[in-house]
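Given next are the chains, with one letter for each unit.
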Amino acid sequence: KAGVTQTPRYLIKTRGQQVTLSCSPISGHRSVSWYQQTPGQGLQFLFEYFSETQRNKGNFPGRFSGRQFSNSRSEMNVSTLELGDSALYLCASSLVAGSPDTQYFGPGTRLTVL
Amino acid sequence: AQKITQTQPGMFVQEKEAVTLDCTYDTSDPSYGLFWYKQPSSGEMIFLIYQGSYDQQNATEGRYSLNFQKARKSANLVISASQLGDSAMYFCAMRGLSGNTPLVFGKGTRLSVIA
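Residues numbered from 1 in each chain as written. Chains lettered and ligands numbered in written order. Predicted model: local features only at pLDDT ≥ 70, side-chain atom pairs only at ≥ 80, totals over all residues. Heavy atoms only, no water.

Student: With reference to specific residues and values, describe the state of the cysteines.
Tutor: According to the stated counting rule, one finds two disulfides over all chains in the structure shown. One disulfide in the model links C23 of chain A with C91 of chain A; its S-S distance is 1.7 Å. Of note, the bridge from C23 of chain A to C91 of chain A carries an S-S torsion of about -50° and is left-handed in sense. On the criterion of sequence distance, the pair formed by C23 of chain A in strand 3 (residues 19–24) and C91 of chain A in strand 9 (residues 87–94) is long-range, its members being 68 residues apart. C91 of chain A shares its class with C23 of chain A; the two are buried. Between the sulfur atoms of C23 of chain B and its disulfide partner C92 of chain B the distance amounts to 2.0 Å. Taking the torsion about the S-S bond as the criterion, the C23 of chain B to C92 of chain B disulfide, at about -60°, is left-handed. (Disulfide = S-S within 2.5 Å. Helix = DSSP H or I, 4+ residues; strand = E, 2+ residues; numbered from the N terminus. Buried < 20%, exposed > 50% of the residue type's maximum accessible area, 1.4 Å probe, protein only.)

Here you go:
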């Protein structure tokens, strides 16, 4: 069974631009969560989607948004990029949301904002 | 609110020796799950082991075992017979199960295995 895939793997953008990251969950998984990882703040939760509905949202500004499609694939968008948005963005999938179901992570998208 | 504390920023262990990575947690949720993940330099988070708060026995997965002490709110990861490939960052995480709470991670411990 294929794991969680994320595209692109690496991305370089400039301040003020916007970016869209994509995540394809493990087949059969209906929940997708997004996390931001930085050396200073560690791993921080962005949002969680289940069956195309956002179930939970972390403490991030409105520039960060996401969505989930009917095939459970998810995208996250960051508008008006700032230098501090440089991070590793990790996507994780699980069978269902809000349960002891283990979240399985993708390889991440490393975003650099210049 | 939930909180995970990993007090060891870095640790060294000799190859083939056992090592314990510490994790303490705080939560008001009566039901919760505890997870350990490994993150090699490539960046991908690899699931290692899970312990439910109501599980009577400590979880084990191959060379990984979780020393769960509920009263002390600790969930230490024990890696037996360390291998060079075990060198990585290790994260403890938890999730409350009775409400709509996300997975919360600790700051991590960098383990270095020495030949």
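Now, onward.
Student: Could you give an account of the interface of chain A and chain B, naming the residues involved and the relevant values?
Tutor: Interfaces are often sized by the accessible area lost when the parts come together. Each side of the interface is counted separately: chain A has 24 residues, and chain B has 18 residues. Interface area lost by chain A to chain B is led by L43, P100 and F105 of chain A, which between them contribute 29%. Here chain A and chain B share one salt bridge between them. Notably, a salt bridge pairs E48 of chain A with R95 of chain B, separated by 2.9 Å at the nearest N-O pair. The interface formed by chain A and chain B includes four residue pairs in polar contact (both at pLDDT 80 or more). Of all the elements in the fold, those that place two or more residues in the side of chain A that touches chain B are strand 4 (31–38), strand 5 (42–50), strand 6 (53–57), strand 9 and strand 10 (104–105) of chain A. The element best represented in the side of chain A that touches chain B is strand 5 of chain A, accounting for four residues. When its residues are assigned to classes, the side of chain A that touches chain B shows 10 nonpolar, 10 polar and four charged. (Contact = heavy atoms within 4.5 Å. Buried area = accessible area lost by both parts, 1.4 Å probe. Salt bridge = Lys/Arg side-chain N within 4 Å of Asp/Glu carboxyl O. Polar contact = N/O pair within 3.5 Å; in protein donor to acceptor, adjacent residues only side chain to side chain. Nonpolar A, V, L, I, M, F, W, Y, C, P; charged D, E, K, R; others polar.)

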